[in-house]
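Geometric and topological summary
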Amino acid sequence: MIKLRYSASTISNSFYWSSRTSFTAILAPAHLQTRLTILRTSERTPHLPRPFFDTYSHRRMSTVLKPRQCCVSGVVHEGIPTGTVENIGGIDTYVSLPPAEASYDNKLALLLLPNVFGMQLINTQLVADSFASNGFATYIPDYLNGDPATPESIEDGTFDLDVWLKSHGPKQTRPPLDAVIRGLIEERRFSTFAAIGYCIGARYTIDLAIEGKLKAGVVTHPSLISVPEDFEAIKAHVTAPLLWNLAGIDELFTSDMASIGDRILGGTYQCESCIRIDYPNCEHGFAIRGDLSIPLVKESKERAFRNTVDFLRSHFCHHLDAGPK
């Protein structure tokens, strides 16, 4: 058995989008690892792109890479979440709000759309708390209907990703997401949304942006992206700015797929609607499930977080430009 491996080469942001020279970002404390999820060598899926034409391919046939074992591996981090689980629109939602003394716009909600481990993974909750510490009212919908993958089921071999995906497609997961958005509007009087999606959550960030429901969006090591259709739809319909945090080593969003985006959106996504930052030598999942004992992974995770905070301050919560006190 082997651990998920990362290269320790030096990282560089090839396409750094911000002209600002400094900003403040608060990281939730005690982001330390407690357990590694490990895979047998024989369980690894070959690094070969292949079409994915099941329920996720809701547009015309295209290249969509199916979630693989890289989606269910990584490290469980240690810390004490400070948010609460509340019922919003009939759906359990992890809620993390800025500190009581902080000034924030209570009309602006940040949706954090998680990977297959869902709202329940402590890593995701700690990241939500970090966004809240930086002034964003942050909400993680349980759009997996209380049935996420768990580190325990991965480790004991009882989790079957292919079987799980069949009961966690758009028909099952989009309605609870929509219910939370309606609840935030009707019950809590929010009017403006941004979303950050990790892995499968990036799929819904793109959908919400195409539907015109976001003021800003962030996709981080995405999966289930339809190429070239999503890029064409973004170019034609999206007015909200989008930040793409891309892993340099990613079976689910390959360099070839990124190159198609370059061609359609122009350059390296440096167009009006899309901004791209590459994290060379980092693998899929680094920003939420990375092994923080590896300096490259820790640095890249924190850099992706800081870049996302700065992006949201610039395009979503303008009053936070100076950073929290």
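Notes on the structure follow. These numbers come from a predicted model, not from an experiment.

Regarding the nonpolar core
By size, the foremost hydrophobic cluster in this structure holds 54 residues, and its most contacted members are Leu111, Tyr139, Leu184 and Trp244. In terms of residues, this core owes the most to one element, helix H5 (residues 200–210), which gives seven residues. Beyond its immediate sequence surroundings of up to four residues, Leu184 is in contact with Ile88, Ala109, Leu111, Tyr139, Arg189, Phe190 and Phe193.

Topic: H5
Counting buried residues along H5, eleven of its eleven residues qualify, which places the element largely inside the surrounding structure. The set of residues buried in H5 consists of Ile200, Gly201, Ala202, Arg203, Tyr204, Thr205, Ile206, Asp207, Leu208, Ala209 and Ile210. Within two residues after H5, Gly212 carries a phi angle of roughly 80°, on the positive side.

Notes on the environment of Gln120
Relative to the helices and strands, Gln120 is located in the loop between strand S6 (108–113) and helix H1 (122–133). Taking the C-alpha atoms as reference points, Gln120 and Val85, 35 residues apart in sequence, are found 9.7 Å from one another. Apart from residues no more than four positions distant in its own chain, Gln120 is found in contact with Gln125, Asp142, Gly146 and Pro148.

A few points about the pattern of salt bridges
Scanning the entire structure with this criterion turns up ten salt bridges. We note a salt bridge from Arg203 to Asp207, for which the minimum N-O separation is 2.7 Å. You can see Arg203 and its partner Asp207 sitting in helix H5, four residues apart, about one turn around the helix. An identical accessibility class is assigned to Arg203 and Asp207; each is buried. With its nearest N and O atoms 2.7 Å apart, the salt bridge here joins Arg276 to Asp278. Residues Arg276 and Asp278 agree in their burial class; the two are buried. Salt bridges linked by common partners bring Arg174, Asp178, Glu211 and Lys213 together as one network.

Describing the side chain of Thr173
Its place among the elements puts Thr173 in helix H4 (residues 170–186). By relative accessible area, Thr173 is classed as buried at 2%. A polar contact is formed between the side chain of Thr173 and the side chain of Tyr204, at a distance of 2.6 Å. Not counting the four nearest positions on each side in its chain, Thr173 is found in contact with Tyr143, Leu144, His168 and Tyr204.

Thoughts on unusual backbone geometry
Trans peptide bonds make up most of the peptide bonds, and negative phi angles are found at most residues other than glycine. Residues Val227 and Pro228 are joined by a peptide bond in cis, for which omega reads 10°. With a phi angle near 60°, Asn145 is a residue other than glycine that sits in the positive phi range. By the element assignment, Asn145 lies in the loop between strand S7 (137–141) and helix H2 (151–155). A residue is classified by how much of its surface remains accessible, and Asn145, at 45% relative accessible area, is partly exposed.

What counts as what
Residues numbered from 1 in each chain as written. Predicted model: local features only at pLDDT ≥ 70, side-chain atom pairs only at ≥ 80, totals over all residues. Heavy atoms only, no water. Core = buried A, V, L, I, M, F, W, Y, C linked by side-chain atoms within 4.5 Å. Buried < 20%, exposed > 50% of the residue type's maximum accessible area, 1.4 Å probe, protein only. Helix = DSSP H or I, 4+ residues; strand = E, 2+ residues; numbered from the N terminus. Contact = heavy atoms within 4.5 Å. Salt bridge = Lys/Arg side-chain N within 4 Å of Asp/Glu carboxyl O. Polar contact = N/O pair within 3.5 Å; in protein donor to acceptor, adjacent residues only side chain to side chain.

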